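Spelled out from the first residue to the last, the chains are:
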Amino acid sequence: MDEFKGCNLDYFPENILIDVLSYLSVRELVRAGRVCKRWKRLVKDQRLWRTIDLTAWKGVTSRILWFLLRQYLGCGLRCLRLRGLLLSARGGTFLSESWLKALSTKCPRLSKLCLLHADLRSLPNCQILPRSLRVLELRGCELPRSFFNQSLPTSPGLPHERAEATCSVGAQQKGRCQKGKGIASPSGIGVERLVLNNVPSFTDQHLQNLASWERLSRLELRDTFRVTANGLRSCAAKEGLSGLEGLSRLKYLEIGITGRQGYQLQMASLGLGAGWLGLEELSLGGKEVGPGLLCASRLKDLKCLHLWACTLSELQIVRSCRMLRGLRQLEFLDVTFQPRQSPPAEEGQEQEGGEEQQNEEGGTGGESNDENRTLDGTDPFPSLRRSLAGLLPSCSLVFTNCSVQINVD
């Protein structure tokens, strides 16, 4: 017993100490590195700096970012989450061009970057972001007009010179596509998934600039109020004179408007009516569900459809899915289903039917009500499942946190 009383953390192996330190936040890790020389060395282990979340650390400035980058961040960093100063009373520059360049140099394996409430208007474009990025999330950020533009800078000259430069760039991109290699070019953007949530400054011009992103296969637009149907229609993948035009590599598209009252509803999902070649998965939410379902039948390659945060009727869903013969999965998330409206009956028949229904309910008792409640909990709309089973026999239905609207009348 005396031997156990004299034990301390110095006797623990370093692997165990690193596992213990992995439960600490970034701020606590920095403080732990000041305990002793051994802990300072352990805190700098790159296994502790794979996923860094600084959104909960209030008051993070550019000075703190430089300190973390010089002392701790390295080749082990995979995911980085940052909160900007857009909503802070202090304001000021948060992300600088020099810091992003140093980040791409020192952290060559960074694959995911999430920015929250960051003012990016001081940055020239997205080309200064690390080339290793595969996922980029922007939530509540402010963007410059040319942020997503990756065209080569050209000096002012004759129009035919600019046309030749554009043709040469297009020929290089076409050659890279014909090679079929999955590695992004040194001068291109390697982002495969782009998430935009509550970014008011995102417009149709930004959406058109995304057509130059060669590897973009997943685009999520939530509460992007300035995107219109014409903007989405102009970026849809379609056959052109030189092959596929627009966002031709896009496989997943999400459009949803759920917040902010007072904005004019653009109904951007109506742009899907022009068709979208190669689009296999579509997610519609909020106020974009109704217009999107009207145009979903034009998507010939659609295999998965996700509907969330909306109110739907059985007739509306059946009419929209009637032409989607290739659909393999239909998912409902936080959807409120309207009750099925029966055809109006005559007064005498209605009274007789009401008495018969009361007799049947009285004969079955409370057991039938319990069964109906249980059925509604697992399958909020049984008749919808039966209707879709006949239209789409090979499609799987998924209901998550759904409910049936109760009609008081």
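For clarity, every value in this text was computed on a predicted model and none was experimentally measured. (Residues numbered from 1 in each chain as written. Predicted model: local features only at pLDDT ≥ 70, side-chain atom pairs only at ≥ 80, totals over all residues. Heavy atoms only, no water.)

(A) Quick peek at the side chain of serine 283. Mapping serine 283 onto the fold places it in strand S10 (residues 281–286). Take serine 283: its relative accessible area is 3%, and that puts it in the buried class. In contact with serine 283, not counting residues within four places along its chain, are Tyr252, Leu253, Glu254, Ile255, His306 and Trp308. (Helix = DSSP H or I, 4+ residues; strand = E, 2+ residues; numbered from the N terminus. Buried < 20%, exposed > 50% of the residue type's maximum accessible area, 1.4 Å probe, protein only. Contact = heavy atoms within 4.5 Å.)

(B) Focus on helix H2 (residues 14–21). Within the span of H2, buried status applies to Leu17, Ile18 and Leu21. Along the axis of H2, the buried residues cluster in a sector spanning 100°; they form a single face. The inward-facing, buried residues of H2 contact helix H3 (26–32) and helix H4 (37–43). (Arc of directions from axis to C-beta.)

(C) Region of the structure containing the nonpolar core. With 101 residues, the main nonpolar core has Leu138, Phe148, Phe202, Leu210, Trp276, Leu330 and Phe332 as its most contacted residues. In this structure, phenylalanine 202 is in contact with Leu143, Phe148, Leu196, Leu207, Leu210, Leu221, Thr224, Arg226 and Val227, ignoring residues within four places of it in sequence. (Core = buried A, V, L, I, M, F, W, Y, C linked by side-chain atoms within 4.5 Å.)

(D) Focus on the pairing of strand S12 (residues 329–337). Bridge count between strand S11 (residues 304–312) and S12: 8 bridges; the pairing is parallel. Along S12, the bridge assignment pairs histidine 306 with glutamate 331. Crossover connection from S11 via helix H11 (residues 314–321) to parallel S12: handedness right-handed. Across 5 bridges, S12 lies against strand S13 (residues 396–400) in parallel orientation. Bridge pairing in S13 places leucine 333 opposite threonine 400. (Pairing = 2+ DSSP bridges. Right-handed = clockwise from strand over helix to strand, strands pointing away.)

(E) Seen up close, the pattern of salt bridges. Under the criterion given, the structure shown has 11 salt bridges. We note a salt bridge from arginine 134 to glutamate 192, for which the minimum N-O separation is 4.0 Å. Linking arginine 134 in the loop between strand S3 (112–116) and strand S4 (135–139) with glutamate 192 in the loop between helix H7 (159–179) and strand S5 (193–197), this pair joins segments that are 58 residues apart in sequence. Salt-bridge contacts for arginine 139 lead to glutamate 137; the nearest nitrogen and oxygen are separated by 3.2 Å. Residue classification places arginine 139 among the partly exposed residues on the basis of a relative accessible area of 31%. Overall, the relative accessible area of 5% leaves glutamate 137 in the buried class. The network of salt bridges with shared partners includes Lys112, Glu137 and Arg139. (Salt bridge = Lys/Arg side-chain N within 4 Å of Asp/Glu carboxyl O.)

(F) A look at the packing of aromatic side chains. With the rule as written, the count across this model stands at 8 aromatic pairs. Relative to tyrosine 72, the ring of tryptophan 49 has its centre 4.9 Å away and its plane inclined at 25°; by these criteria the two rings are stacked. A residue pair is termed long-range when its members are at least 10 positions apart, and tryptophan 49 in the loop between H4 and strand S1 (51–53) and tyrosine 72 in the loop between helix H5 (62–71) and strand S2 (79–83) qualify at 23 residues. Relative accessible area serves as the criterion here: at 0%, tryptophan 49 is assigned to the buried category. (Phe/Tyr/Trp six-rings, centres within 6.5 Å; stacked < 30°, edge-to-face > 60°.)

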